[in-house]
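Here is how the chains run, residue by residue.
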Amino acid sequence: MDDEERESPPGVASDRPGQQHLSPDEDSEGDASRQETLNDDEPALPPDLEWLEELSEEDDADGDRDVEVAADSGKKRTCAATARMFKLRRNLDQLDCFYQQKEHDMLKAREELKLCRQNIESLVEHRDNLEEEIERQKAADNSVAVIRLRGQHKHLCQKLQSEEELEGHINTELKQQELELCEMEVELGRLSPLRQEVQKEVRLFQVLKAQKAATRLQQERTANQNQQLKMQHLREKQAAMLMKDETEYQKKIEAGQASRKIAAKHLKQTIKRMHQQEAEKEQRNREFLEKRIQAVQSLKSNIAATQGRLRVQQSRAKANAQKKEQQQRQLRESLQAQGINSIKHIYQQKQLEETKRKQEEFTEKQKSKRVEIVAKILQEEQQVKSRKRHQAGVPKPLTTDRFPSLGKAGEKLLYYLDPHPPSASEERPMILREVSDISSSLSNSSDVEDLEETILPEGDHQNLAESLAEPEFSGLWDQNCKLQKPQNEKAMLVQTEVKQKEPAMASENLNRTAKKVHGKELKGPPFISKPEVILFKDFEVGKTYKKKIVLTNISYITNNCKLLGVSTQLKDFISLNFEPPGSLSSGMSCEMQAVFQPMINEDLEGEVQFASAVGPFSVPVRCTIKKCDLEVDSQFIDFGLHVVGQTISRTVILTNKGALATHFSLDTSTFLSPETSQIQMPSLVSANTCQEISSQNITSASASMATAELQQKQDSQELSEAMQHEQPVSEASPPGPEDTPEACVSTDVQMHESHSDSGDISLGNIREGEIGAFESIKLEVVFTPTIPGEAKLDFHIKFSDLTSKPIPVQVRAVALSVPVWVVQPSIDLKICMFDCLYQDSIMVQSRASTALKLTFEVCPEMRKHMEILPKTGFIQAQSSFNAQLKFLPRCSLFKDAKKFFDKDTGVLEVPMTVQVAGQVKPVHFTVQAVVTSSDLQFDRTEVDFGYCSIYQSVKSSVRLTNLSLLPQDFGFLGVPEFIEVQPNDGFGTLLPQETLEIDLIFSVNKAKEYSFQLNCKSGINRDFLLSCRAVGVCPPLELSHSLVQFGATAVGDHSTAILCLINHQTKHNQSRQQTPPVVKDTMTPVAPRLFSFSPPKDSDISITPSTGSLLPGERCLVQVTFRPRLLDQEIKEEALRLLDRAKLLREKELEWSKQAEQETKKEVPVKISRGKKVPVLSDEPKTDQLAESPNPADIQPGSEQYEEARASLLYSFTQRYSKYTVPCFVSDANPPEEDQQEQPAWSPFNTLYLKLQCPAVQPPLVVISDHGQNIIDFYQVAVGEKVIKKVTVQNISKEPLDLGSSLLDIHGAFCLLNPLRCIRPGQRHTLSMAFSPHLEKKYCETLEVRSQKMTLRMTLCGEGVVPAVTTSHSGDLLDFGYVLEKDSTSQVLKLQNSSAVAVGFRVQMASLSPSRPQCGADRVPFLLGSYTDSKVQPTVGTQNYSGLSVFSVVPIEGSIAPGQSQNITVTFQPDHPSVYYSDRLTIELMNKSKVCVMDLKGAASSHNMYLYGGDLLTVPIESLLPPMITSQPQLTAESAVIEKPTIPVLVTLRASYNAGTITPAVRMLQVGCIRSTQPSKKSSEFLWDNVASLQQQGFSVEPSKGTVEPGHKRTITVTWTPPSGYKPYEVVQTCVPVTLKGDETNVYRVTLMALVSTTAD
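All chains use their own residue numbering, which begins from 1 and follows the written sequence. Note on the predicted model: pLDDT of at least 70 is required for a residue's local features to be given, and 80 or more for side-chain atom pairs to be given and counted; whole-chain, interface and lining totals, by contrast, use all residues. For the side-chain quantities, the full set of heavy atoms in the structure was used; hydrogens and water were omitted.

Looking at the sheet that holds strand β64 (residues 1447–1450)
Then step 1. Strands were regarded as paired on the criterion that DSSP finds at least two bridges between them. By the criteria applied, helices consist of DSSP H or I runs no shorter than four residues and strands consist of E runs no shorter than two, each listed in order from the N terminus. Spatial ordering of the open sheet is given by β60-β62-β66-β64, a layout of 4 strands whose pairing is antiparallel. Two strands lie at the open edges of the sheet, namely β60 (1365–1367) and β64, each paired on one side alone. Within this sheet the neighbouring strands show an average axis-to-axis angle of 25 degrees, counted without direction. Axis definition: a line fitted to C-alpha atoms, limited for helices to the stretch in contact. Angles are taken between N-to-C directions and run from 0 to 180 degrees.

A short note on helix α4 (residues 79–140)
Then step 1. An ideal rise of 1.5 Å per residue puts 92 Å on 62 residues; α4 measures up with 91 Å between its terminal C-alpha atoms.
Then step 2. Of the residues trailing α4, Asp 141 is marked for its positive phi of about 60 degrees. Multiplying 1.5 Å by the residue count of a helix minus one yields the expected span of that helix.

Some remarks on the packing of aromatic side chains
Then step 1. Aromatic rings from Phe, Tyr and Trp, taking only the six-membered ring of Trp, are treated as a pair when their centres fall within 6.5 Å; an angle between ring planes under 30 degrees marks them as stacked, one over 60 as edge-to-face, and anything in between as tilted. The tally for this structure, following the rule as stated, stands at 29 aromatic pairs.
Then step 2. Taken together, a centroid distance of 6.4 Å and an interplanar angle of 90 degrees make the contact between Phe 970 and Phe 972 edge-to-face.
Then step 3. For Phe 972, a relative accessible area of 3% puts it in the buried group.
Then step 4. Taking the centre distance of 5.6 Å and the plane angle of 45 degrees together, the rings of Phe 1376 and Phe 1447 count as tilted. In this pair, Phe 1376 sits in strand β61 (residues 1373–1380) while Phe 1447 sits in strand β64, placing the two residues 71 residues apart along the sequence.
Then step 5. Put simply, the rings of Phe 945, Phe 978, Phe 1002, Tyr 1010 and Phe 1012 touch in pairs and so form one group of aromatic residues.
Then step 6. Directly above the ring of Phe 894 sits Lys 903, whose terminal nitrogen or CZ lies 5.1 Å from the centroid.
Then step 7. The criterion for a charge sitting over a ring is simple: Lys NZ or Arg CZ within 6 Å of the ring centre, and within 35 degrees of the ring normal. Sitting above the plane of the Phe 1274 ring, Lys 1285 keeps its charged end 5.6 Å from the centroid. When a residue's accessible area, from a 1.4 Å probe over protein chains only, is under 20% of the maximum for its type it is buried; when over 50% it is exposed; and in between it is partly exposed.

Some thoughts on the sheet that holds strand β19 (residues 776–783)
Then step 1. Pairing is antiparallel across the open sheet formed by 4 strands, whose spatial order is β13-β15-β19-β17. Two strands bound the open sheet, and with one partner strand each, they are β13 (630–632) and β17 (761–763). With direction set aside, neighbouring strand axes in the sheet form an average angle of 25 degrees.
Then step 2. Strand direction decides the pairing type here: β17 and β19, joined by 3 bridges, are antiparallel.

A few points about the nonpolar core
Then step 1. Think of a nonpolar core as a cluster: buried Ala, Val, Leu, Ile, Met, Phe, Trp, Tyr and Cys residues, connected wherever their side-chain atoms sit within 4.5 Å. Ranked by internal contacts, the top residues of the largest apolar core, which has 39 residues, are Leu 1061, Phe 1093, Val 1120 and Leu 1252.
Then step 2. At 5 residues, the largest contribution of residues to this core is made by strand β49 (residues 1248–1257).
Then step 3. Between two residues, a contact is recorded if the distance between any of their heavy atoms is within 4.5 Å. Beyond its immediate stretch of four places on either side in the chain, Val 1120 contacts Phe 1046, Ser 1055, Thr 1056, Ala 1057, Leu 1059, Ile 1101, Ser 1102, Ile 1103, Leu 1250 and Leu 1252.
Then step 4. Membership of the second largest hydrophobic core comes to 36 residues, among which are Phe 887, Phe 900, Leu 908 and Val 927.

Thoughts on the pattern of salt bridges
Then step 1. A side-chain nitrogen of Lys or Arg and a carboxyl oxygen of Asp or Glu constitute a salt bridge if their distance falls within 4 Å. What the rule picks out here adds up to 38 salt bridges.
Then step 2. The partner of Arg 195 in a salt bridge is Asp 96, and the shortest N-O contact between them spans 2.8 Å. Of this pair, Arg 195 sits in helix α6 (residues 192–338) while Asp 96 sits in helix α4, and the two are 99 residues apart along the sequence.
Then step 3. Exposure remark for Arg 195: the relative accessible area of 22% places this residue in the partly exposed category.

Structural data, given as structure tokens:
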């Protein structure tokens, strides 16, 4: 068979070139060659056999045990043999696979050949059939079918040919594959021995491998046992350490509790003491307040008393002024009566009084001044006596007292300079200073020969006088002392006059021009003095100084010299002894002695004036006080270059060249202000120094008042010390400038140790002290360099003397460092955690020229925690050396290094030392770190969620605290699916010492018990566990939503949410429902469940329905409404705040008004009239008006204060966010049937919770009318009436609002009259709403004013009431009767309102009705109809000609209060005679209901008598135009009476005939007399004429004549009885005149017509 060629696997026999062919004959020969081939291929194993090398290595590592196993097997296996085995097995396997593949291909080819032959047979059969068919069609001569069949035959032959070709090809391939398969079988047979050998080696290899696996398993077990032993040992060690830590922790807790107890004890004591202090402070404040109240009360009483006195004084002054004015008036009148000019006389009198008054005032001033002078003199004598007593131990000078007045003059001068006399307490310091002045005298003048100083006390005038030279002649001072006092005042006056004249004379003499003598011009003064200037230098007050002056004539002629005097400012202090020398030739001289006795401590300048023959000249005089002249030898000190560690000092010499001692101090501040330049004197000094300072302070007291006050305080301290050390004071001279400065510095001066030096430069021990006159002091400056670099120090030498400026001194120095130093002297490791390794490098630098040995030393306390490597090293010349610092802080750091580590703050500061060979001073550096813990701490160790519903999530919060000073990352890992950790899903970063509140949200999905642990892992891979437990329950009811988030709802608006409460419980799932372990025993039956929502009290939440019952499988809709509102307490507090603010404003207004009244009182004097009392102004009524702040309970809702506070809160409202959790309690079952009133059992496991988030915001639209009330109450309104109310709303938001409204009931009583529009921020809009009730009932509707942000709801309410109004006139006709024309009469109708509301009414007249037909259209029916019937009359009758209404009504409209009445006056006022005046009066209410409708009727006559009652003869409607009046001739009165026409009257009488009986006819006529406003004297009578003739025809008139009183009327009865002989249907007619006599006589022609009627009308 031909097989298809395929690739043979490597190592398989093949005829192709390049393939190896194996045969059984060559097997023996190929063993050696294969062995060699395998040995050659051993180094290069294929990749898939690399594990053999590992196996051989393991064989080598196993040792002798593996060798013994191999020896037992009888062969020693090598790696090459093993590789050969696996390679042969692989080749054999591949050969087997190749053989199977060939066999499969052969079988497949056979199947294809079989199938192909079947196809050929079918095609041959089909071809034969087709040929037979063609023959039949040919026989049938069907050409078309033949052509078709031939085409099919051709196609079938082609297909058969291709199938035969395919069969030949498949047959060839099959033969080839059978051949190859045979070859493979031969090859497999040849390799069968080799296969057996390979199988044997494989079995041997598996045995060896199993033995090695057993050995390795035994080793692993041994290692595992050892590891378990180690772990057990480690656990025991950890347990021991944990026990030890617990013991230490317990000890710490006990120690902490003990310390807490002690601290609590001390805290209690401290709190008690604080409370006592507060109580004492409160008591003191109360006492102080009471004192202030008493002071205020006393002040008020004093003010009231003062006001009373002022009023009395003002009244007296006014009375005196009036009296004086009256006297002047009387005087003026008397003078005018005498003929004297009163004005001139009064003016002269006033001038005289004014002069007299001035004289009296001058006299009084003189007396007061005399008294003052005498008092001063007496005081001075007392001072002199006291000084003498204190100076008893002082030796008296030899001189005698000759000039006592000079001392007194000096005393007076000092006395006048001080406006206040010295007190007794100040006398003793003054006396002590004088004693010290005596003991310390100074003689430091250059002219010692000419100056003789005598030291005298200031107050001892006798010693002062003895020290002066005796005068040439005696003066007044030698007389009796008694004569001096009376002449003292005159002498002082004369002296002042001389002092004023002398300067003028001296100036005139000195201003003379130079003169020529003997033809030579003399320039300069004619005399010169030696000295040229009379100088008294460094004088002291109270001492006497003498100076001799020599005057030499330098002019060219013989001249004389005359003393004119001294300058004005020197007269009180300098006296001159000068004897006139007479004529002096040129070059001659004379002497003069000047004695200077200073009284004041000031510099004085002046001159001594002389006169000579040539002209005046003068000698200048200059007197200077003691002053300080201070200087230093150098203001700049340069130390130069010095190495660190040396000490160098320099000296600065401070020299005082002046005569005044002062106190100095060294100040290193860079800025000197004038305040700091004044140095306060030390308080503790020795006795001698105190005296010197006090005397110097006295001399400079006049320079500055501030310094004087300071010195007085110091003198008071010094006096107490000096009085204790009183001793005789002897004269001593001050030390000279050559004395040592140390002797001058007081040892009692306190040194200012707090003085700060700059850098390494410091000042010496002497930093302040006293420097005397002409002394020098050495000040030391020390330079001790510690840090390399330039050092600077600038300091000032300040002095207590105000005139001496501070002296600046600059000090400069440069320090050089040691050869070896640490580059970073302070190594800061920042913040480190315990048990963490930190490293840093230490760099040491050397500037030396040789190598040096370094040794790093760590203190013993830190050797467990810190290490430096290497410990010893050599640093080369001019190079650096690096060492490694390792820091691993242990938890025992505080115990090991207490002095370096602060446990409270965690700060570690370790001093380190580097010892350098050959260098005495070691190199120091510091390692700093802040060591902190890495702990994260929960506030509790276990979280119990309790019983949790499967429909709810339970949140529990724990606080996680970072106890470290470094931020730490944390995360909760491995969190169960039923719990959620927030925020940020349990991951975050904690800042140092930060505490984060973490929410654990437990959402149970099954009803069972839960117990688990949460693992919180820190950033450094530390675990912190938190235990949690909970119990899951399944309540029978379920809420569709457990969280409701309302939108931002404005105050006054509401938001609504709809929920579903579902009862999923059925009979089937009741048994499968899981219950908590607590309630497993009690299974509740399937029954309706009661539920009850319990919203918080006084909250903005309402739930509908709040309670109910649900059957199994039933659901209920629950509506939750959020209505934000302002709390009642908040409104009341705001009302109190507004009241307090208004009270403060009123108080301020009262204060301002009081101030304004006081200012007006000051500006305008109060004029009080005599005999009138002035009202006392007090603040009590005003203060009483300020009501105290009411209690919040007193502010009732609906009051004005309440509504104002509510509006204020609305305007200032920002936002409010509230959260509510509303529980829904679910019962276990219905109450028992026996007692339905019993409460059902409520289980806490079934409780549902509804969480509500309610944000409230400021309403953009508010009602501002009616105090912001949203309820618009129309109260009671009559049915049919309309009441309109207006409501104003305002936009208080920052955006415009488009307003819209809801629809009101179109058939209801309320209506919105105006449209709504868009209002801008701050704008207002008014809504007009009407209420018109139709029925008697209460109405209530809600109007919603809608905008983009809120809906403002207004409640409209009102009540419809049916009005009940009655009238006093019951009939339908109101007849006014007859009235004279152009006269009027009135009638009153009374309307009574018996309803509970005010009722409005309106009166309508038919004549004024707009619906009345115009132009007489209503009169047409009357004009066309019959007028025989008198009852037919139009509604509106005759009207006035003037156009005014005949009938007028007052008032036309109005309102009647509930229970009240209203009078309506109807007035009838015609303007022409007529009997057809009529109108219709209609009174209707505002609801169109009519109270009454009545006809008004009246008649007018031109005369006061009238007759009426007959039949209608004319049309009842007349024209409004008056009748035309034609011109007629004048008639006499008689003719007028005779010719006056009669007035016709028709009376128809109808007798009735019935059943043979005739009933007489009766008619009534009325005769009346109109009451007129003008009384008439004539009586009104009426008379029927021809009464007898009437009786014949059956007529009878009763009465036929009579009188009628004004305002009355009489009835005349006319009766007709048919006479005998009357014929039926006959009309009886007669005419009879009736005369009426009133103001005029009128005749009525009455026509009587009678007939008998058979029909009843």
